[in-house]
Amino acid sequence: MKAIRKTAGLLLLLLILMVLPVSVRAAGKDTYMMLVGQTAQMSMTSNAVPNAKWKTNKPSVIKVTVKNATTVSVKGLKAGSATLTVWNSKNTSQKYSYTIRVFKPGKLVKSDFIVSGTQTRAYFGKTSVNLLTVFSKYSGNLYAAYDIRSDGLTPSTTSSYMTTYRGVHIFDSYSRVCQIYGKKTLKKTTTKDFLYKENTSESLRTPAAITSFKNYWKGQYKYKLVYNYGSKNKMHFYFNSAKELIGVIYTQNY
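Since this is a predicted model, take the numbers as computed values, not measurements. (Residues numbered from 1 in each chain as written. Predicted model: local features only at pLDDT ≥ 70, side-chain atom pairs only at ≥ 80, totals over all residues. Heavy atoms only, no water.)

**Here we look at the overall build of the protein**
Consideration 1: On a plain count of helices and strands, the protein comes out with seven helices and 17 strands.
Consideration 2: In the protein, of all internal contacts separated by at least 6 residues, the share reaching a separation of at least 24 is 57%.
Consideration 3: Here the protein has roughly 12800 Å² of accessible surface; of this, 52% comes from carbon and sulfur atoms. (Helix = DSSP H or I, 4+ residues; strand = E, 2+ residues; numbered from the N terminus. Contact = heavy atoms within 4.5 Å. Areas by Shrake-Rupley, 256 points an atom, 1.4 Å probe, with all protein chains shown as cover.)

**Observations concerning the pattern of salt bridges**
Consideration 1: Applying the stated criterion to the full structure yields four salt bridges.
Consideration 2: Here Asp-147 ties to Arg-149 by a salt bridge, and the two come within 2.9 Å at their closest N and O atoms.
Consideration 3: What makes Asp-147 buried here is its relative accessible area of 4%.
Consideration 4: The partly exposed category is assigned to Arg-149, whose relative accessible area is 25%.
Consideration 5: Note that Asp-193 is salt-bridged to Lys-224, the shortest N-O span being 2.7 Å. Of this pair, Asp-193 sits in the loop between β14 (187–188) and α6 (194–199) while Lys-224 sits in strand β15 (residues 223–229), and the two are 31 residues apart along the sequence.
Consideration 6: Using a relative accessible area of 9% as the deciding quantity, one classes Asp-193 as buried. (Salt bridge = Lys/Arg side-chain N within 4 Å of Asp/Glu carboxyl O. Buried < 20%, exposed > 50% of the residue type's maximum accessible area, 1.4 Å probe, protein only.)

**Details of the confidence of the model for the protein**
Consideration 1: Of all residues in the protein, 86% attain a pLDDT of 70 or more, and the chain-wide mean is 84.
Consideration 2: The least confident element of the protein is helix α1 (residues 2–8), whose mean pLDDT is 30; the most confident is strand β16 (residues 233–239), at 98.
Consideration 3: In the model, residues 1–18 has pLDDT below 50 throughout and makes 43 contacts with residues more than four positions away in sequence or in other chains.
Consideration 4: Throughout residues 22–28 the model reports pLDDT below 50, and contacts reaching past four residues in sequence, or to other chains, amount to 13 contacts. (pLDDT = per-residue confidence, 0-100.)

**So, the pairing of strand β9 (residues 91–103)**
Consecutive side chains along a regular strand alternate between the two faces of the sheet.
Consideration 1: With five bridges connecting them, strand β3 (residues 31–35) and β9 associate as parallel partners. Counted as the bridge partner of Leu-35 is Phe-103 from β9.
Consideration 2: In the sheet, strand β8 (residues 80–88) pairs with β9 via nine bridges, with the strands oriented antiparallel. Within β9, the position partnered with Asn-88 by the bridge is Asn-91.
Consideration 3: A loop of two residues connects β8 with β9, the two strands running antiparallel in sequence. (Pairing = 2+ DSSP bridges.)

**Considering the packing of aromatic side chains**
Consideration 1: Enumeration according to the criterion identifies 22 aromatic pairs in this entry.
Consideration 2: The side chain of Arg-166 reaches across the aromatic face of Phe-103, ending 3.9 Å from its centre.
Consideration 3: Taking the ring centre of Tyr-227 as reference, the NZ or CZ of Lys-184 above it sits at 4.7 Å. (Phe/Tyr/Trp six-rings, centres within 6.5 Å; stacked < 30°, edge-to-face > 60°. Lys NZ or Arg CZ within 6 Å of the ring centre and 35° of its normal.)

**Digging into helix α5 (residues 174–181)**
Consideration 1: Taken across its eight residues, α5 has six buried, putting it largely inside the fold.
Consideration 2: By the burial criterion, the buried members of α5 are Tyr-174, Arg-176, Val-177, Cys-178, Ile-180 and Tyr-181.

**Some words on the environment of Pro-155**
Consideration 1: Tracing the chain through its elements places Pro-155 in the loop between β12 (142–147) and α4 (158–161).
Consideration 2: For the pair Pro-155 and Ile-170, spaced 15 residues apart in sequence, the C-alpha to C-alpha distance is 7.4 Å.

**So, the sheet that holds strand β11 (residues 128–130)**
What links the strands of a sheet is backbone hydrogen bonding, and the strands pair in either a parallel or an antiparallel sense.
Consideration 1: Here we have three strands laid out as an open sheet, ordered β11-β10-β13, and antiparallel in their pairing. Two strands in the sheet have a free side with no partner beyond their single neighbour: β11 and β13 (163–164).
Consideration 2: Alignment of strand β10 (residues 114–116) against β11, held across three bridges, turns out to be antiparallel. When the bridges of β11 are listed, Ile-114 appears paired with Asn-130.

**Description of helix α7 (residues 207–220)**
Every α-helical turn comprises 3.6 residues, leaving residues that sit three or four positions apart pointing alike.
Consideration 1: Here α7 spans 20 Å end to end across 14 residues, near enough to the 20 Å set by a 1.5 Å rise per residue.
Consideration 2: By the burial criterion, the buried members of α7 are Ile-210, Phe-213 and Trp-217. One face of α7 carries all of its buried residues, which in axial projection span an arc of 70°. Every exposed residue of α7 that faces more than 90 degrees away from the buried side is listed here: Pro-207, Ala-208, Asn-215 and Lys-218.
Consideration 3: For α7, the elements touching its buried residues are α6 and β16. (Expected span 1.5 Å × (residues − 1). Arc of directions from axis to C-beta.)

Shown next, in the form of structure tokens:
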């Protein structure tokens, strides 16, 4: 298995449609994510496998079609994890394996509360942490915010700053978030939003901090999406007027 993973690193994949690489998980670049009902194409741009054979270990999770030496199409059938393997039928040592994780549209799982990056290290002392584990230690209303207020955050540095479990970064588009988490209609933000109230409370913030946040809110926080995990936990995605992601907030009891 170790030899397969090492060899697989030599195979460059161009991913089309909804299968997206995850760079922050332990499985690394050989793990991809998609939604139930989506069809994605994986195309090899180098090291095509001659006499290629494709197979999944869980045909109930993903359906494999359009199989040849350079291309395979995969359809998500139900939530779960499956291994997709391609090998040379005349040289079985030439073999590559990939993990495909399939999720229900609009539904979060426990692993979705894993977040990674430099800001996570600053908050918790670790580059990767499951916020559900952190939240479980406390009662009441809790949230962890990752947003553009970080000094020096730019589109080129956002992946190191924070990455969600499914590979979303600050400055990603609204459409990409929907492709990975499920289609939802954007709602306009209002001053009734919990994040606004928390950051403009005179009992919690200084006048200077309140003024600064109000300016950010007015200039950037235009739209919002919310996905639920159970009755208590949520992921809130905030977007600017260009529908670029400018904040990911994980909450308990908000």
